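These are the residues of each chain, in order.
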Amino acid sequence: MKAKVAAFVLGLAATGVLLAPVAGFISPAEAARCVTKRGKGWAWTQDMAKFQAWEIVAQLSGNWPIQTDTFRNERYQCKKDGDGYTCLSWIDVCKS
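Scope of this entry: the structure provided in the associated data block.

## Side note on a nonpolar patch on the surface
Next, step 1: Side chains of Trp42, Trp44 and Met48 sit close together on the surface and give an oily, nonpolar patch of about 360 Å² of accessible area.
Next, step 2: On the secondary structure map, Trp44 appears in the loop between strand E1 (34-43) and helix H3 (46-60).
Next, step 3: Assessed through its relative accessible area of 54%, Trp44 is described here as exposed.

## Let's talk about the nonpolar core
Next, step 1: Of all hydrophobic cores here, the largest spans 6 residues; its members are Trp54, Val57, Ala58, Phe71, Ile91 and Val93.
Next, step 2: At 3 residues, the largest contribution of residues to this core is made by H3.
Next, step 3: Not counting chain neighbours up to four residues away, the residues in contact with Val93 comprise Arg33, Cys34, Val35, Lys37, Val57, Ser61, Asn63, Asp69, Thr70 and Phe71.

## Side note on the packing of aromatic side chains
The geometry of an aromatic ring pair is captured by two quantities: the separation of the ring centres and the angle between the planes.
Next, step 1: The final tally for this structure, using the stated rule, is 5 aromatic pairs.
Next, step 2: Seen in terms of ring centroids, Trp54 and Phe71 are 5.5 Å apart; in terms of plane orientation they differ by 55°. Their pairing is tilted. Taken as a pair, Trp54 in helix H3 and Phe71 in strand E2 (residues 70-81) lie far apart in primary sequence, 17 residues in all.
Next, step 3: You can call Trp54 buried: its relative accessible area is 16%.
Next, step 4: Taking relative accessible area as the criterion, Phe71 reaches 12% and is therefore assigned buried.
Next, step 5: Joined through ring pairs, the aromatic side chains of Phe51, Trp54, Trp64 and Phe71 make up one cluster.
Next, step 6: Against the face of Tyr85 rests Lys80, its NZ or CZ located 4.8 Å from the ring centre.

## Things to note about the sheet that holds E1
Next, step 1: If you walk across this open sheet you meet the 3 strands as E1-E3-E2, and the pairing is antiparallel. Unpaired on one side and paired on the other, E1 and E2 mark the two borders of the sheet. Pairs of neighbouring strands in the sheet enclose a mean axial angle of 15°, with direction left out of account.
Next, step 2: Across the sheet, H3 touches E1, E2 and strand E3 (84-94), and the angle it forms with E1 is around 140°.

Rules of the game
- Residues numbered from 1 in each chain as written.
- Predicted model: local features only at pLDDT ≥ 70, side-chain atom pairs only at ≥ 80, totals over all residues.
- Heavy atoms only, no water.
- Patch = residues over 30% accessible without salt bridge, like charges linked within 9 Å, V, L, I, M, F, W, Y side chains within 5 Å.
- Areas by Shrake-Rupley, 256 points an atom, 1.4 Å probe, with all protein chains shown as cover.
- Salt bridge = Lys/Arg side-chain N within 4 Å of Asp/Glu carboxyl O.
- Helix = DSSP H or I, 4+ residues; strand = E, 2+ residues; numbered from the N terminus.
- Buried < 20%, exposed > 50% of the residue type's maximum accessible area, 1.4 Å probe, protein only.
- Core = buried A, V, L, I, M, F, W, Y, C linked by side-chain atoms within 4.5 Å.
- Contact = heavy atoms within 4.5 Å.
- Phe/Tyr/Trp six-rings, centres within 6.5 Å; stacked < 30°, edge-to-face > 60°.
- Lys NZ or Arg CZ within 6 Å of the ring centre and 35° of its normal.
- Pairing = 2+ DSSP bridges.
- Axes fitted to C-alpha atoms, helices over the stretch in contact; angles between N-to-C directions.

As structure tokens, then:
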């Protein structure tokens, strides 16, 4: 019986089922490589303002035009501003 269980577990590990990362889980070592960056954007629509705020973070962290790091835990706060929207972003940038 133990041999069957061991074979099953090894089979799952070989297919990557046991090694697959849990969505949203960040190991302590990975968290140490992350820094929260902030951005601000304005545009005619809320989605465009969010993109502008995201793009500022990408530029300031050296991830524009090619993103080499991982962005996690993206947070946005948007408000109506005249004829458009202003959005603030907080994004954890994790070195790859």
